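Summary of the model geometry
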Amino acid sequence: MLSNGMMDTTARGMGQGSGQGLRGGMMQQQLFDIFNGVVAETTLVAFVISIIAAAAVSAFVSYRVTRPVQRMILAAEHISSGSYSQRVPVSEFLQEKDLDEVGRLALRFNQMAESLENIEGMRRQLIGDVSHELRTPLTTIKGSMEGLVDGILPATPEVFEQIEHEADRLQRLVEDLQELSRVEGGKPTLNLKIIPISNLFVALKSILLRQYEAKGVSLEFVLSDNLPPVRVDEDRIGQVLINLAGNALQYTPQGGKVSIGAVRQGHMVEFYVQDTGAGIPAEHHENIFSRFYRIDKSRSRSQGGSGIGLTIARALVEAHDGNIWAESKGEGQGSTFRFTLPSA
Ligand code: ADP
């Protein structure tokens, strides 16, 4: 049996215990609520931060990728409609290796646009040059024919010769242009064979000697010892030599001299055509290889020159992986044209 005192204590203890349990439950609930609140708040903050981060990343991607690509699309549209001056901005201060993929794409795009612009400029220039070159002989032929029809010009052999001369010029110009478009329209196909250099010179001599004798210009061939053969397209290199030797004859007065030769230079053979004629001032040395470029336009044209011969020669030599250039001490001091070819 329990005493009263003990029962009291037990009842108080039980009352205290249920009070503490109640408080513990409430604290648990409060803690749970706080926890829930913190989780909800953190989730909200994380959500807001992730939205901001996503917006920042998408703005960055749009700035670094989408915008430049859109600019390129716009520039490409302009170029395809004929406006070749379009470019996309690329940092001038960065080198190509420091650019990212989009930057490199933009750089390549600009390079492509620039070469298209150059090609377009050359096309326009060519049309202008060709029409100019055709106009002169056509005007002379038309004027002479009108004079003959109207009876103003007497029908003498000289008049007909003049017309024939102009018609020849037109024909030569058209042939030269055809040849130029062949050699400049990509690398010409070469029929490469191993040829002794003396063969090239023998063929050249048989073609040119009579013309040299007729003008009174002496022609000599100089072959240095131990020259290796060359691996070339005989017709094409023959054409280069005829061109240079023809020019040398054209620009050398009677009594002058032209020397044609070859020397070994490492694994290359260097050919030269040297004359004692008109000479070429230094500022023209590079330009004379551009099409239709003539130092003395009226003199060259009146002698039938089209200004294309050296352009064709350069294209043919470069197709053989060689180089061609001109040297001269100046006007009246003769000229030397040199070109290299790989030895066999
Ligand atoms: P062209 O048919 O007018 O001779 P080219 O392309 O062969 O055309 O030569 C271009 C120009 O280079 C010539 O018009 C001439 O002014 C100059 N030239 C070429 N070869 C010589 C040379 N041997 N001596 C002086 N000038 C030359």
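First, a word on what this report is: a plain description of the structure on this page. This structure is a prediction, so every number in the text was calculated from the model and none was measured.

This part takes up the overall build of the protein. Along the protein, the regular secondary structure elements total 7 helices and 7 strands. In terms of overall size, the protein is more extended than a compact globule, its C-alpha atoms giving a radius of gyration of 43 Å where 344 residues would be expected to give roughly 20 Å. Judged by the C-alpha coordinates and their principal axes, the protein covers about 160 × 65 × 35 Å. Considering the protein as a whole, with its 344 residues, one finds that 33% of them fall into the buried category. Looking at the protein as shown, the accessible area adds up to about 21,500 Å², and 58% of this sits on carbon and sulfur atoms. Side chains of the protein carry 33 positive and 40 negative charges; the gap between the two charge centres is 3 Å.

A contiguous patch of negative charge, built from E158, E161, E164 and D168, is present on the exposed surface. By the secondary structure assignment, D168 is in helix α3 (residues 157-184).

This part is about the layout of surface pockets. Here the second largest pocket is characterised by a volume of approximately 360 Å³. Broken down by element, the lining of the second largest pocket gets its largest block of residues, 6 residues, from helix α1 (residues 4-80). The class makeup of the residues in the lining of the second largest pocket is 10 nonpolar, 2 polar and 5 charged.

The next point concerns the sheet that holds strand β4 (residues 257-265). Where strands meet in a sheet, backbone hydrogen bonds hold them as pairs that are either parallel or antiparallel. A sheet is described by the order of its strands in space; here 5 strands give the open sequence β2-β4-β5-β7-β6, paired in mixed fashion. Each end of this open sheet is capped by a strand with a single partner; those strands are β2 (218-223) and β6 (324-328). Ignoring which end each strand starts from, the neighbouring axes of this sheet average 15° apart. Sheet analysis places β6 next to strand β7 (residues 335-342), joined by 5 bridges and oriented antiparallel. Paired with W325 across the two strands is R338, which belongs to β7. In the packing of helix α5 (residues 234-250) onto the sheet, the strands contacted are β4, β5 (268-275), β6 and β7, and the crossing angle to β7 comes to about 170°.

Conventions used here
- Residues numbered from 1 in each chain as written.
- Predicted model: local features only at pLDDT ≥ 70, side-chain atom pairs only at ≥ 80, totals over all residues.
- Heavy atoms only, no water.
- Helix = DSSP H or I, 4+ residues; strand = E, 2+ residues; numbered from the N terminus.
- Rg over C-alpha atoms; globule rule 2.2 N^0.38 Å.
- Buried < 20%, exposed > 50% of the residue type's maximum accessible area, 1.4 Å probe, protein only.
- Areas by Shrake-Rupley, 256 points an atom, 1.4 Å probe, with all protein chains shown as cover.
- Lys, Arg positive; Asp, Glu negative; His and termini not counted.
- Charge placed at Lys NZ, Arg CZ, Asp CG, Glu CD.
- Patch = residues over 30% accessible without salt bridge, like charges linked within 9 Å, V, L, I, M, F, W, Y side chains within 5 Å.
- Salt bridge = Lys/Arg side-chain N within 4 Å of Asp/Glu carboxyl O.
- 1 Å grid on protein atoms, 1.4 Å probe; cavity = no way out; pocket = protein on both sides within 12 Å on 5 of 7 lines; lining within 4 Å.
- Points joined across faces, edges and corners; volume = space filled by probe spheres on them.
- Nonpolar A, V, L, I, M, F, W, Y, C, P; charged D, E, K, R; others polar.
- Pairing = 2+ DSSP bridges.
- Axes fitted to C-alpha atoms, helices over the stretch in contact; angles between N-to-C directions.
- Contact = heavy atoms within 4.5 Å.

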